[in-house]
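Below, each chain spelled out in residue letters.
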Amino acid sequence: MQKLVPDGQRRTLAQLDERLNFSVGDTGAKRSAFWVMLTLSAVIAVAGVVGDSTATVIGAMIVAPLSTPILGVGLGITTGSGRLIAQSLLYVAAGIVLVVVLGVVFAQVLPNPTNVLSNSQVLGRTSPTLMDLAAALATGLVGAIAIARKDVGDVLPGVAIAISLVPPLAVVGVCLGSGSPSLAAGAFVLFASNVVAMVITSTAVLVAAGYAGEVDSVTGSHRRRAYTLLTVVLLVVAIPMVVNSLSSVWARQINTAAEQWLAGTPGAEVTDVTWQGGTATVAVLGPETLPSLGELEQTVEALIPWNPDVQVVHTVGSRLVAE
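Visitor: How should the overall build of the protein be read in this particular structure?
Guide: Each helix and strand counted, the protein has 12 helices and 3 strands in total. When burial is assessed residue by residue, the protein has 44% of its 323 residues classed as buried. For the protein, contacts bridging at least 24 residues in sequence account for 74% of all contacts bridging at least 6. Entry remark: accessible area of the protein is about 15,400 Å², with carbon and sulfur atoms responsible for 62%.

The structure is reproduced here in structure tokens:
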């Protein structure tokens with residue numbers, strides 16, 4: 001742990017409390033800055049999602065302050081401060097409501113709200129996988145180290161942390177406002193997993209850095225209960241991520257099987273494979289006559305550990321290339 005947080009660069013517990021606790025120091029300025037910056041970052045993020053602009057979403061990542069109360073939860077668990085935990089969670093919850101409501105409002109003024117559901121900013125955040133969880137754990141580690149060390153700048157960790165927070169919430173609001181609660185749920189899973197991962201990693205880093213030992217009132221049993229609760233919550237949000245990861249693998253396998261199924265049909269090609277619930281939908285562009293669907297169903301049943309339904313959406317025609 002010395003290499004992560006050297007004694008010479010380690011912030012004191014009082015300095016950490018000053019940075020992460022909105023009830024310490026100039027409380028009015030802290031709270032004002034939090035709400036102003038969060039509101040602006042939410043507007044920027046929602047505008048970027050609606051306009052399918054990666055550059056605009058990056059702008060929201062730079063100014064978003066939502067990581068401060070999340071790290072405050074980690075500090076509260078480390079020091080056994082129930083008041084800090086409750087206060088930080090309240091700020092996180094209020095921030096969630098603010099960003100989601102702004103997303104819903106923006107969606108209401110769109111001329112065709114269903115179009116936004118197919119853009120890259122939405123689709124990239126509604127089906128989180130285990131890779132997103134791994135990134136969240138690394139992001140939380142970066143944030144905890146940055147907050148504990150004096151020599152690590154605030155800008156780069158702030159960007160890394162914000163990338164997993166405000167944009168998914170903006171997607172939640174836009175999807176709810178566009179009448180797609182299932183996509184909104186997927187984006188919220190991404191946000192929730194990142195929050196839990198950040199709390200776990202920040203708590204682990206701060207405990208390992210010795211901050212817990214500076215507070216006599218914290219007992220091992222209290223911390224173990226907190227770790228158990230966090231682990232349970234992490235497992236709950238990880239379940240849909242595991243399902244999405246497996247769905248991606250199965251979709252690739254079905255795509256390969258479908259290409260082999262069409263290998264003997266000149267001009268036929270697989271244009272898309274989607275997985276929804278227990279049904280695999282294969283989009284095919286080709287001549288009017290295709291091989292027997294039973295052959296594809298048998299191959300898919302051999303790949304997937306249960307008997308999924310296989311649907312083929314057949315578009316008769318061919319791909320034209322301009323000369």
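Visitor: Explain the pairing of strand S3 (residues 309-316) to me, please; I cannot follow it from the model alone.
Guide: Where a strand is regular, its side chains alternate between the two sheet faces. Bridge count between strand S2 (residues 279-286) and S3: 8 bridges; the pairing is parallel. By the bridge assignment, Ala-283 is partnered in S3 with Val-313. Chirality of the crossover, the property in question, places the unit of S2, helix H12 (residues 293-303) and S3 among those that are right-handed.

Visitor: Hey, could you run me through unusual backbone geometry in this one?
Guide: A negative phi angle characterises most non-glycine residues, just as the trans form characterises most peptide bonds. Even without being a glycine, Asp-52 presents a positive backbone phi close to 55°. Relative to the assigned elements, Asp-52 resides in the loop between helix H2 (27-50) and helix H3 (54-63). Judged by its relative accessible area of 33%, Asp-52 is partly exposed.

Visitor: I keep staring at the side chain of Thr-129 and nothing clicks. Help me out?
Guide: Relative to the elements of secondary structure, Thr-129 occurs in the loop between helix H6 (120-123) and helix H7 (130-148). Once you skip the residues sitting within four places of it in the chain, Thr-129 turns out to touch Met-241, Asn-244, Ser-245 and Ser-248.

Visitor: What's the story with the pattern of salt bridges in this structure? I'm lost.
Guide: Applying the stated rule across the entire model yields 1 salt bridge. In this structure, the salt-bridge partner of Glu-18 is Lys-30, at a minimum N-O distance of 3.7 Å. One end of the pair, Glu-18, is in helix H1 (residues 13-20); the other, Lys-30, is in helix H2, with 12 residues separating them in the sequence. Judged by its relative accessible area of 34%, Glu-18 is partly exposed. Residue classification places Lys-30 among the buried positions, given a relative accessible area of 15%.

Visitor: Help me understand the confidence of the model for the protein, please; the structure alone is not making it clear to me.
Guide: Segments scoring low in pLDDT should not have their predicted coordinates read at a detailed level. Mean pLDDT for the protein: 82, with 89% of residues reaching 70 or above. Confidence scores differ between elements of the protein, with helix H8 (residues 155-162) showing the lowest mean pLDDT of 58 and helix H5 (residues 82-108) the highest of 92.

Visitor: Would you take a moment to explain the packing of aromatic side chains for this structure?
Guide: Centre distance and the angle of the planes are the two values used to describe a pair of aromatic rings. Per the stated rule, a full pass over the model turns up 6 aromatic pairs. By the ring-pair criterion, three or more aromatic residues cluster together here, those being Phe-22, Phe-34, Trp-35 and Tyr-91. A cation over an aromatic ring shows up here: Arg-10 above the ring of Tyr-211, its NZ or CZ 4.0 Å from the ring centre.

Visitor: Any chance you could explain H5 here in plain terms?
Guide: The α-helix advances 3.6 residues per turn, and as a result positions three or four apart in sequence lie on the same side. In a regular helix each residue adds 1.5 Å, so 27 residues correspond to 39 Å; H5 covers 39 Å between its end C-alpha atoms and thus fits that length. Looking at H5, one finds that the buried residues are Leu-84, Gln-87, Ser-88, Tyr-91, Val-92, Gly-95, Ile-96, Val-99, Val-100, Leu-102, Gly-103 and Ala-107.

Visitor: Could you clarify how one ought to interpret the packing of helix H4 (residues 67-79) against helix H10 (residues 181-208) in this entry?
Guide: Helix packing geometry: the angle between the two helix axes and the distance between the axes. Put simply, H4 and H10 touch, their axes get as near as 8 Å, and they point 45° apart. Looking at the two axes, H4 sits oblique to H10. Read as a crossing pair, H4 and H10 show a hand that is right-handed. Across the interface between the two elements, Ile-70, Leu-71, Val-73, Gly-74, Leu-75, Ile-77 and Thr-78 of H4 pack against Val-195, Met-198, Val-199, Ser-202, Thr-203, Leu-206 and Val-207 of H10.

Visitor: For this particular structure, what's the right way to read the packing of H5 against helix H9 (residues 166-177)?
Guide: Put simply, H5 and H9 touch, their axes get as near as 7 Å, and they point 45° apart. It follows that H5 is oblique to H9 by the angle criterion. Handedness of the H5/H9 crossing: right-handed. Contacts between H5 and H9 involve Ile-96, Val-99, Val-100, Gly-103, Val-104, Ala-107 and Gln-108 on the former and, on the latter, Val-166, Leu-169, Ala-170, Val-172, Gly-173, Val-174, Leu-176 and Gly-177. Across the contact of H5 with H9, the residue classes tally to 11 nonpolar, 4 polar and no charged.

What counts, and where the lines are drawn
Residues numbered from 1 in each chain as written. Predicted model: local features only at pLDDT ≥ 70, side-chain atom pairs only at ≥ 80, totals over all residues. Heavy atoms only, no water. Helix = DSSP H or I, 4+ residues; strand = E, 2+ residues; numbered from the N terminus. Buried < 20%, exposed > 50% of the residue type's maximum accessible area, 1.4 Å probe, protein only. Contact = heavy atoms within 4.5 Å. Areas by Shrake-Rupley, 256 points an atom, 1.4 Å probe, with all protein chains shown as cover. Pairing = 2+ DSSP bridges. Right-handed = clockwise from strand over helix to strand, strands pointing away. Salt bridge = Lys/Arg side-chain N within 4 Å of Asp/Glu carboxyl O. pLDDT = per-residue confidence, 0-100. Phe/Tyr/Trp six-rings, centres within 6.5 Å; stacked < 30°, edge-to-face > 60°. Lys NZ or Arg CZ within 6 Å of the ring centre and 35° of its normal. Expected span 1.5 Å × (residues − 1). Axes fitted to C-alpha atoms, helices over the stretch in contact; angles between N-to-C directions. Parallel < 35°, antiparallel > 145°, perpendicular 65-115°, else oblique. Left-handed = near helix turned anticlockwise from the far one by under 90°. Nonpolar A, V, L, I, M, F, W, Y, C, P; charged D, E, K, R; others polar.

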